[in-house]
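Structural overview
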Amino acid sequence: GAVVSQHPSWVICKSGTSVKIECRSLDFQATTMFWYRQFPKQSLMLMATSNEGSKATYEQGVEKDKFLINHASLTLSTLTVTSAHPEDSSFYICSASSRAYEQYFGPGTRLTVT
Amino acid sequence: AQSVAQPEDQVNVAEGNPLTVKCTYSVSGNPYLFWYVQYPNRGLQFLLKYITGDNLVKGSYGFEAEFNKSQTSFHLKKPSALVSDSALYFCAALTGGGNKLTFGTGTQLKVEL
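Residues numbered from 1 in each chain as written. Chains lettered and ligands numbered in written order. Predicted model: local features only at pLDDT ≥ 70, side-chain atom pairs only at ≥ 80, totals over all residues. Heavy atoms only, no water.

**Some words on the state of the cysteines**
As a reminder of what qualifies: We call a pair of cysteine sulfur atoms a disulfide whenever their separation is within 2.5 Å. In this text, helices come from DSSP runs of H or I with a minimum length of four residues, and strands from runs of E with a minimum of two, each type numbered from the N-terminal end. Under the scheme applied here, a residue whose accessible area is under 20% of the maximum for its type counts as buried, over 50% as exposed, and between as partly exposed, the area being computed with a 1.4 Å probe on protein chains only.
For the structure on display, the rule yields two disulfides over all chains. Covalently, Cys-23 of chain A is tied to Cys-94 of chain A through a disulfide, its sulfur atoms 2.0 Å apart. Taking the torsion about the S-S bond as the criterion, the Cys-23 of chain A to Cys-94 of chain A disulfide, at about 80°, is right-handed. Residue Cys-23 of chain A is found in strand 3 (residues 19-25), and its partner Cys-94 of chain A is found in strand 9 (residues 90-97); the two are separated by 71 residues along the sequence. Each disulfide pairs two cysteine sulfurs, and for Cys-23 of chain B the partner residue is Cys-91 of chain B, the sulfurs being separated by 2.0 Å. Between Cys-23 of chain B and Cys-91 of chain B, the disulfide has an S-S torsion of -65° and is therefore left-handed. With Cys-23 of chain B in the loop between strand 3 (19-21) and strand 4 (24-26) and Cys-91 of chain B in strand 10 (residues 87-95), this residue pair connects regions lying 68 residues apart in the sequence. The exposure class assigned to Cys-23 of chain B is buried, which follows from its relative accessible area of 0%. Classification of Cys-91 of chain B as buried rests on a relative accessible area of 0%.

The following block contains the structure:
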């Protein structure tokens, strides 16, 4: 149980284009979803927290207009990187939670912007 | 500020030997602590957590961790390491009112034959 999927697992896009990453909880309803960013050989940095049906809460320093997060249902959250640039290249990981003290992580999405 | 520290970037151990990956924390209130493992280009897999109760927590794949309040530590241990345990290990603590995970910088574990 508690499986979280991400799609795509990797994506290459050209600078200036937008890319959408999906995060799905497959066998449970996630009231809260989290989006993290991980640079090579570094830790995970929380970007934003989203609750179903509400606007996402972004961490300090994260551009909300650049990283659009939608949590439309209890099983789906999406992260859209708008007008992507090479510095946005990273490993993006989502996690989903249905109750306190538990987060289940997706496999991650490798974004490369050329 | 609340933080989690993993003082070792890398730990090397021979297969069959015990392993320890260190973690210390600085959080306000009761600490809720976690260990995760990450394999290359993969997400995080949950190993174990401490919320309350016994200081020795047993988790997946034979791992355990000991919560030490006086030393503010939550070290990950395994009695006998396997080559397949080689991966990146993250210690984390719940912060921000209980719904945000703050991660340590990670420790690369390398188990050699």
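And the narrative resumes.
**Considering the interface of chain A and chain B**
How we decide: Whether two residues touch is decided by their heavy atoms; if any such pair falls within 4.5 Å, the residues are in contact. A quick way to say it: buried area is the sum, across both parts, of accessible area lost when two parts are put together, with a 1.4 Å probe. For this document, the term salt bridge refers to a Lys or Arg side-chain nitrogen within 4 Å of an Asp or Glu carboxyl oxygen.
Each partner contributes to the interface: chain A provides 19 residues, whereas chain B provides 19 residues. Taken as a group, Ser-43, Tyr-101 and Phe-105 of chain A account for 38% of the area that chain A buries against chain B, more than any other trio of residues on that side. Put simply, chain A and chain B have two salt bridges between them. Among the salt bridges present, the one from Lys-100 of chain B reaches Glu-59 of chain A, with a minimum N-O distance of 2.9 Å.

**Notes on the nonpolar core**
All names here are of chain B. The condition is simple: We define a nonpolar core as any set of buried Ala, Val, Leu, Ile, Met, Phe, Trp, Tyr and Cys residues linked to one another through side-chain atoms lying within 4.5 Å.
In terms of nonpolar packing, the biggest core is built from 27 residues, with Trp-35, Leu-47, Leu-48, Phe-74, Leu-76 and Tyr-89 touching the most fellow members. Secondary structure elements with two or more residues in this core: strand 2 (10-14), strand 3, strand 5 (33-38), strand 6 (44-50), strand 8 (64-68), strand 9 (73-78), strand 10 and strand 12 (107-112). Top contributing element to this core by residue count: strand 10, with four residues. Beyond its immediate sequence surroundings of up to four residues, Phe-74 is in contact with Cys-23, Leu-33, Phe-34, Trp-35, Leu-48, Lys-49, Tyr-50, Val-57, Ala-65, Glu-66, Phe-67 and Cys-91.

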